Structures are given as C-alpha cells and as structure tokens.
Amino acid sequence: MSEIKGIYALWYRETKVFLRERSRVISSIINPLLWLLIIGGGLGSAVSFSGINYQTFIYPGILIQTALFSSVFFGVYIVWDKKIDFMKEVLVAPMRRTSIFIGKILGGSTDTLLQVLILFVIGIIFMIGGIMPGLKLTPFSVLVSLAFLLVTTVGLVSIGLILGSQMESPEGFQLIISFLIFPLFFLSGALFPITNLPGWLAPLILANPVTYAVDGIRGVMMGISRFNLLFDFTLVCLFALVMVLIGTYAFKKMKL
Amino acid sequence: MNIIEIKNLTKKFEKMTAVDNLNLEIKEGEIFGLLGPNGAGKTTTLLMLVTLKPPTSGTATINGFDIVKQPDKVRKSIGIVFQDPSSDEILTGYENLKLHGWLYDMPDELREDRIKEVLKLVDLTDRKNDRVKKYSGGMRRRLELARGLMHHPKILFLDEPTLGLDPQSRDHIWKYIENLAKEKNMTIIITTHYMDEADKLCDRLAIIDKGKIVVLGSPKQLKNDLGGDIIRLKAQTLDLDALKKLPYVKEINPCDGEVCLTLENANIHLQEILQTVGTIDSVEIRSPTLDDVFLHYTGRAIREDTPEGSWAEKAMNASEKK
C-alpha cells in the first residue's frame with residue numbers, strides 16, 4: 001500500500017510541475033508543428049510515397065519525434081532533483097528504489113502522452129480540413145497508435161532516467177542526449193520509407209527500436225508498412241521491457 | 001535501550017577520511033548533539049545513518065536494523081531535516097507537505113491535521129498556497145523543518161536545523177521538538193553551530209573533530225570537567241610566566257586576542273592574579289560555556305568556522321540554476 005501511495009505522490013508531482021511550466025507545454029507543440037508545416041509542406045509539394053503526400057507521410061514520424069524528444073529529455077529533471085536536493089527527500093523516504101523509478105516513468109510518460117494527444121487533435125483537424133489527405137485517423141488507428149506511443153514512451157523515458165540517474169550536471173546530460181536523440185530520430189524512418197535502403201544504412205535502421213514504432217503507426221494510419229503490425233508491437237514491447245529492467249538496476253545503484 | 005549503535009563507522013573519500021572509526025551509542029528518547037567545526041564529518045555521519053551514503057567500513061544499527069544490510073527498514077524508522085533546501089519550488093508549501101505525507105504513507109486525516117499543526121508551528125499558514133519559488137530563504141528553511149517534523153518518526157535527524165532562523169522561531173521550534181521527544185519518546189540527533197542551543201537542549205553531546213569523537217558527555221558534565229571558572233583578561237602586556245607559576249591556574253589559553261585562565265574559585269584568587277599580571281585593560285569572570293569546552297578540546301573557537309555559505313544563499317543559487 002505504501003509503495004502505491006509513494007508512486008502516486010511522485011506521479012502527482014511530475015504532472016503538476018509539467019502543467020505549471022507552460023513554456024514546456026507550448027514549446028513541445030511548436031516544434032512538431034514547424035516540422036509538419038514547413039518540412040512536410042515544403043517537401044510535400046514535390047514528394048509523395050505510394051500515393052501518400054509527404055506531409056501526411058511524416059505525421060507518424062513527427063508523433064514519434066515528439067515522444068522521443070520529450071521522453072528522453074525528461075531524464076534531465078532527475079539531474080535537477082539531485083541538484084536541488086529534492087532527490088534526497090525522495091531517497092530517504094521509506095520507498096523501494098523500484099517504486100521511485102516507476103513513479104518517475106509514470107510521470108514522464110504522462111507528460112509525453114499529453115503532448116502527443118495535442119498532436120492527435122491537430123492531426124484530426126488537418127485531416128478534416130483536407131490538409132493531410134490519405135491520413136486515416138479512426139478510433140481503431142488512434143488506439144493502436146496510442147498503444148505504440150505509450151510503450152515506446154516508457155522505453156524512452158527509461159533511457160532518459162538511466163542517463164539522468166548516472167549524471168551530475170544538466171549541461172552534460174543535454175550534451176549526451178543530443179548524441180542519442182538525433183540518430184534515434186533520423187535512423188527511424190520517420191522522414192523516409194525504409195524499403196529499398198542503401199546496404200550500409202539498412203542495418204542501422206533495423207537496429208533502432210524506434211523504427212518499429214514508426215512502422216507500426218504508419219501501417220495503421222495509412223497502410224504503408226514494412227513489417228507485420230504484431231511483429232512491430234512485439235519488438236517495441238521488448239525494447240521497453242529491457243529499458244525498464246536496466247533502469248530499475250540503475251536506480252538501485254544510483255548515488256547522490 | 002540503545003536505539004542507535006554506531007560501530008567503527010568509517011567513510012573515506014579519495015584523499016581524506018571524513019569519518020574515522022566512529023563508535024557511539026545513543027539511548028532511546030535522548031536528544032543528542034553532534035558538535036564540530038565544518039568538515040568535521042557531522043553531515044557525512046548523518047547521511048550514512050539515514051542510508052543515503054554507504055560507509056566505507058563499519059556499520060550502525062538504528063532501531064535494531066543495520067544501515068548497510070536493511071536500509072529499507074531503517075528508512076521506515078527515521079525522519080531527517082537536511083541542511084540544504086530540498087522542496088520542490090514549483091509546488092506550493094502545502095503541496096510539498098502533502099507529498100511528504102504520501103511518501104511516508106500517512107493516513108489522510110492524520111496527514112491533514114499534521115500539516116495544519118506544523119504550518120502553524122513554523123508560521124507559514126498564510127503562505128501555504130504560494131509556490132515555494134516565492135518564499136524567502138528563511139521561509140524555505142521553516143517549510144523544510146515543518147516537513148521533517150510532520151510524520152513523527154521514531155528517530156529524527158536534524159542537520160543544522162535552525163541555521164539562519166531568527167531567535168523567536170528558533171525558540172518555538174525547539175519547544176516543539178522538546179515536547180515531541182518527551183511525549184512520543186522520540187530520539188533526536190542534531191548537529192548545530194549554536195552552542196547555547198546545544199547547551200539548553202541536548203541531554204548528551206559529542207564534539208567531533210576530523211572525523212573522530214573528541215569528547216562525549218552531558219553539557220553540564222563537559223563544562224564541569226573544565227574545572228571551575230574562567231577569567232578573561234585583556235592587557236597590553238601580560239606576564240604569562242608569572243601566571244604559569246600560580247599553582248591554582250589550571251590552564252592558560254589565548255582567546256580572541258585576549259587570554260583566558262581556567263581555575264577554581266576565581267573570586268578568591270582574582271586579587272592575586274591581577275597583582276601578578278600587572279596593568280590590565282579589562283577583566284571578566286564567568287562560568288565556562290560549551291564554547292570554552294570546544295576551545296579546550298579542539299584548540300580553536302567554533303565561531304571561527306562559519307558554515308559554507310548561508311542556507312538562504314544556497315536556496316537562492318539553487319533557484320537561479322533552475
């Protein structure tokens with residue numbers, strides 16, 4: 001019982017703080033919109049894949065991008081917690097480290113999914129307005145996509161938390177994650193189809209867990225996919241599971 | 001019963017030994033003080049006892065649980081007020097306290113009652129719905145205290161609890177803590193720079209220097225051990241050799257540019273001493289204080305060591321960083 005209350009406390013704190021910091025909410029919406037409108041709109045005038053306009057094509061990629069940036073970046077707040085000593089208050093409480101980790105994951109995932117939900121609303125508006133033809137946002141496709149995003153987010157938040165738990169300076173954290181986030185994003189097929197890739201690029205893309213999330217969501221939203229939906233989902237779940245396990249371990253070993 | 005038993009507790013950092021083979025027993029219901037200059041190892045000792053830092057060697061049992069082997073159980077028995085601010089500034093004071101209640105699994109009703117009680121104690125009831133960001137350094141400190149006192153742990157650790165507080169709030173808080181100790185048979189371990197505070201409050205105290213216990217005892221006993229009274233002399237030139245020849249003068253120490261003599265029955269001997277030293281500017285007779293005890297055992301005054309940066313200053317730095 002006490003563990004659940006503690007987890008709830010941590011989740012409550014992360015969510016409250018996120019909602020109070022408006023700049024975080026706003027910037028998390030502006031960035032993906034710029035991608036969709038400028039890159040998507042600009043290239044979309046000339047490029048399309050399998051009859052799908054480029055702007056529509058990258059929409060799943062932008063959803064994942066938002067999840068990716070926001071989730072991994074969430075780890076920086078644990079570095080801050082250490083700096084302002086809030087971490088001490090949590091670590092000295094009668095809670096298991098695993099519960100602290102779970103509380104943080106739930107907090108980070110909620111932040112991320114709130115941002116993603118706003119993007120879904122934007123997607124629906126664009127779809128109805130005819131800006132993104134070929135996009136099929138049905139209750140089914142939205143639910144499946146959310147499942148993909150949820151699981152991927154849990155894995156990605158774990159990555160951020162693992163790095164954050166081992167680091168002491170926020171600047172150092174930011175440096176490291178930019179080396180991590182950009183390859184994960186560019187090598188995920190968020191911006192291009194992953195069929196007929198050059199030989200050197202294919203293994204890199206197939207080794208990236210984010211690829212399968214993009215592939216699954218794109219498959220269910222516009223019928224373009226390389227792998228079977230169930231295969232994609234299984235791989236994404238495996239990725240999340242492994243990251244959660246490593247994260248639990250990292251939290252147990254975390255030093256102040 | 002010993003509620004805390006520290007056995008050969010040692011913490012080594014790369015170059016220095018912060019806590020050196022510490023052995024100490026603290027009884028249930030005791031208010032115990034750890035005194036010492038900065039870097040003496042007080043905070044490091046506390047952090048090891050509350051399971052936030054692993055010892056290099058040795059261990060301690062708290063409420064019967066081993067701090068190395070059973071940290072989870074130790075954490076269920078303790079509470080701590082840290083020296084540095086550790087509240088979330090984006091949350092309000094009230095929300096920080098509520099969070100604490102949840103983390104310590106307090107029943108809802110009790111939690112709300114206690115929040116009211118401690119907010120009143122630290123005089124923050126009116127500001128409870130303001131974000132901590134808007135609090136002054138002193139207010140943050142008080143919130144921190146309120147939070148630590150909220151769940152009435154069996155053993156409460158206080159690291160420099162009243163640093164930077166005005167005398168009035170200090171008195172309030174100490175009365176509350178003394179009551180807790182009495183009514184709930186709570187054990188309290190404090191570190192402090194305020195010698196008068198330690199003198200009034202602590203049942204026993206240990207003076208720590210360079211990671212070792214220099215002396216241990218009740219404030220009264222420690223002061224008595226110095227033997228008698230203190231005469232403080234100020235003069236341009238003092239005939240120290242002549243002073244040393246007086247059989248009843250036990251000790252001669254320089255203090256703050258003046259000279260302090262320790263002796264019994266100072267009022268009887270004053271006449272002779274004044275004749276011996278020659279012309280003086282001023283003289284003062286008093287009973288020994290813990291400051292004198294500290295000076296006697298460590299060779300320096302505790303006031304020479306101010307804590308690194310005031311608490312308020314740290315709070316401000318932290319908020320700027322964020």
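Everything here concerns the structure above.
Residues numbered from 1 in each chain as written. Chains lettered and ligands numbered in written order. Predicted model: local features only at pLDDT ≥ 70, side-chain atom pairs only at ≥ 80, totals over all residues. Heavy atoms only, no water.

A tally of helices and strands in chain A yields 12 helices and two strands. Since a compact globule built from 256 residues should have a radius of gyration of about 18 Å, the 19 Å found for chain A is in line with a globular shape. A total of 256 residues make up chain A; the buried ones form 57% of that total. The long-range share in chain A, meaning contacts at least 24 apart out of those at least 6 apart in sequence, stands at 78%. Carbon and sulfur atoms form 73% of the exposed surface of chain A, whose accessible area is close to 10600 Å². Side chains of chain A carry 18 positive and 11 negative charges; the gap between the two charge centres is 3 Å. (Helix = DSSP H or I, 4+ residues; strand = E, 2+ residues; numbered from the N terminus. Rg over C-alpha atoms; globule rule 2.2 N^0.38 Å. Buried < 20%, exposed > 50% of the residue type's maximum accessible area, 1.4 Å probe, protein only. Contact = heavy atoms within 4.5 Å. Areas by Shrake-Rupley, 256 points an atom, 1.4 Å probe, with all protein chains shown as cover. Lys, Arg positive; Asp, Glu negative; His and termini not counted. Charge placed at Lys NZ, Arg CZ, Asp CG, Glu CD.)

When helices and strands are counted, chain B shows 12 helices and 14 strands. Projecting the C-alpha coordinates of chain B onto the three principal axes gives extents of approximately 70 × 45 × 40 Å. Burial statistics for chain B: of 322 residues in total, 55% are counted as buried. Of the accessible surface of chain B, which amounts to about 14600 Å², a share of 47% is contributed by carbon and sulfur atoms. Taking the 47 positively charged and 51 negatively charged side chains of chain B as two groups, their mean positions are separated by 5 Å.

The next subject is the nonpolar core. Membership of the largest hydrophobic core comes to 121 residues, with the highest contact counts inside it found for Met221 of chain A together with Phe157 of chain B. Sort the elements by how many residues they give to this core and helix α8 (residues 139-166) of chain A lands first, with 10 residues. The contact partners of methionine 221 of chain A, leaving out residues within four places of it in the chain, are Tyr59, Pro60, Leu63, Phe120, Gly134, Leu135, Lys136, Leu137, Ser141 and Ser145 of chain A. Counting 44 residues, the second-largest nonpolar core is a separate cluster that includes Ile31, Val81, Leu121 and Leu156 of chain B. (Core = buried A, V, L, I, M, F, W, Y, C linked by side-chain atoms within 4.5 Å.)

In this section: the side chain of asparagine 96 of chain B. Positionally, asparagine 96 of chain B belongs in helix α3 (residues 93-103). Not counting residues within four places of it along the chain, the set of residues in contact with asparagine 96 of chain B comprises Phe86 of chain A together with Ser87, Asp88, Leu91, Val132, Leu143 and Arg147 of chain B.

Let us now look at the interface of chain B and chain A. The partner chain A presents 25 residues to the 33 residues of chain B that form the contact. Buried surface at the junction of chain B and chain A, summed over both partners, amounts to about 3100 Å²; 62% is from carbon and sulfur atoms. When residues of chain B are sorted by the area they lose upon contact with chain A, Arg75, Trp102 and Leu103 of chain B head the list and together hold 23% of the total. Counting across the interface, chain B meets chain A through six salt bridges. Here glutamate 89 of chain A makes a salt bridge to arginine 147 of chain B, at a shortest N to O gap of 3.3 Å. Our enumeration of links across chain B and chain A arrives at 10 residue pairs in polar contact (both at pLDDT 80 or more). Ranked by the residues each element gives to the side of chain B that touches chain A, the list is headed by α3 of chain B, at seven residues. Here the side of chain B that touches chain A is composed, by residue class, of 15 nonpolar, five polar and 13 charged. (Buried area = accessible area lost by both parts, 1.4 Å probe. Salt bridge = Lys/Arg side-chain N within 4 Å of Asp/Glu carboxyl O. Polar contact = N/O pair within 3.5 Å; in protein donor to acceptor, adjacent residues only side chain to side chain. Nonpolar A, V, L, I, M, F, W, Y, C, P; charged D, E, K, R; others polar.)

Let us look at the sheet that holds strand β6 (residues 78-81) of chain B. Residues and elements named next belong to chain B. Strands sit in the order β6-β7-β8-β3-β9-β10 across an open sheet of six strands; the sheet is mixed. Here the strands that pair on one side only, and so sit at the sheet edges, are β6 and β10 (212-217). This sheet shows a mean twist of 15 degrees between the axes of neighbouring strands, independent of strand direction. Packed on one face of the sheet, helix α6 (residues 167-183) meets β3 (31-35), β7 (155-159) and β8 (187-191) and runs near 145 degrees to β8. (Pairing = 2+ DSSP bridges. Axes fitted to C-alpha atoms, helices over the stretch in contact; angles between N-to-C directions.)

In total, this model carries 28 salt bridges over all chains according to the counting rule given. Between glutamate 30 of chain B and arginine 204 of chain B there is a salt bridge, with its nearest N and O atoms 2.4 Å apart. Of this pair, glutamate 30 of chain B sits in the loop between β2 (17-27) and β3 while arginine 204 of chain B sits in strand β9 (residues 204-209), placing them 174 residues apart in sequence. Its salt-bridge partner being arginine 286 of chain B, residue glutamate 284 of chain B comes within 3.8 Å of it at the nearest N-O pair. Its relative accessible area of 36% is what places glutamate 284 of chain B among the partly exposed residues. If you follow the salt bridges from partner to partner, you end up with Lys5 of chain A together with Asp105, Asp108, Arg111 and Glu112 of chain B in one network.

What follows deals with the environment of aspartate 281 of chain B. Residues and elements named next belong to chain B. Locating aspartate 281 in the fold gives a position in the loop between α10 (266-277) and β14 (282-286). Spatially, the C-alpha atom of aspartate 281 lies 7.5 Å from that of glutamine 236, the residues being 45 residues apart in sequence. Residues contacting aspartate 281, with those up to four places away along its chain left out, are Lys234, Ala235 and Gln236.

Residues and elements named next belong to chain B. Pairing in this open sheet of four strands is antiparallel, and the strands run β12-β13-β11-β14 from one edge to the other. The outermost strands of the open sheet, each flanked by one partner alone, are β12 (249-255) and β14. Direction aside, neighbouring strands of the sheet carry axes that sit 20 degrees apart on average. In the sheet, β12 pairs with strand β13 (residues 258-263) via six bridges, with the strands oriented antiparallel. Following the sheet pairing, valine 249 is matched in β13 by leucine 263. Its contacts with the sheet place α10 against β11 (229-234), β13 and β14, and it is angled at close to 25 degrees to β11.

A few words now on the packing of helix α1 (residues 2-20) of chain A against helix α7 (residues 97-128) of chain A. All names here are of chain A. It is the contact of α1 with α7, at a shortest axis distance of 8 Å, that shows an interaxial angle of 35 degrees. Here α1 runs over α7; the crossing is right-handed. Mapping the contact onto sequence places Glu3, Ile7, Leu10, Trp11, Arg13, Glu14, Thr15, Phe18 and Leu19 in α1 and Ser99, Ile100, Ile102, Gly103, Lys104, Leu106, Gly107, Thr110, Asp111, Leu114 and Gln115 in α7. Tallied by class, residues from the contact of α1 with α7 come to nine nonpolar, six polar and five charged. (Left-handed = near helix turned anticlockwise from the far one by under 90°.)

Taking 1.5 Å per residue as the helical rise, helix α2 (residues 22-44) of chain A with its 23 residues ought to reach 33 Å, and the 31 Å between its terminal C-alpha atoms agrees with that figure. Looking at α2 of chain A, one finds that the buried residues are Arg24, Ser28, Ile29, Pro32, Trp35, Leu36, Gly40 and Gly44 of chain A. (Expected span 1.5 Å × (residues − 1).)

This next bit is on the packing of α2 of chain A against α7 of chain A. Residue and element names in this part refer to chain A. Contact geometry of α2 with α7 gives a least axis separation of 10 Å together with a crossing angle of 40 degrees. By the angle class used here, α2 and α7 are oblique. Here the hand of the crossing between α2 and α7 comes out right-handed. Along its contact with α2, which presents Arg24, Ser28, Ile29, Pro32, Leu33, Leu36 and Leu37, the element α7 presents Asp111, Gln115, Ile118, Leu119, Ile122 and Phe126. Of the residues belonging to the contact of α2 with α7, the class tally is nine nonpolar, two polar and two charged. (Parallel < 35°, antiparallel > 145°, perpendicular 65-115°, else oblique.)

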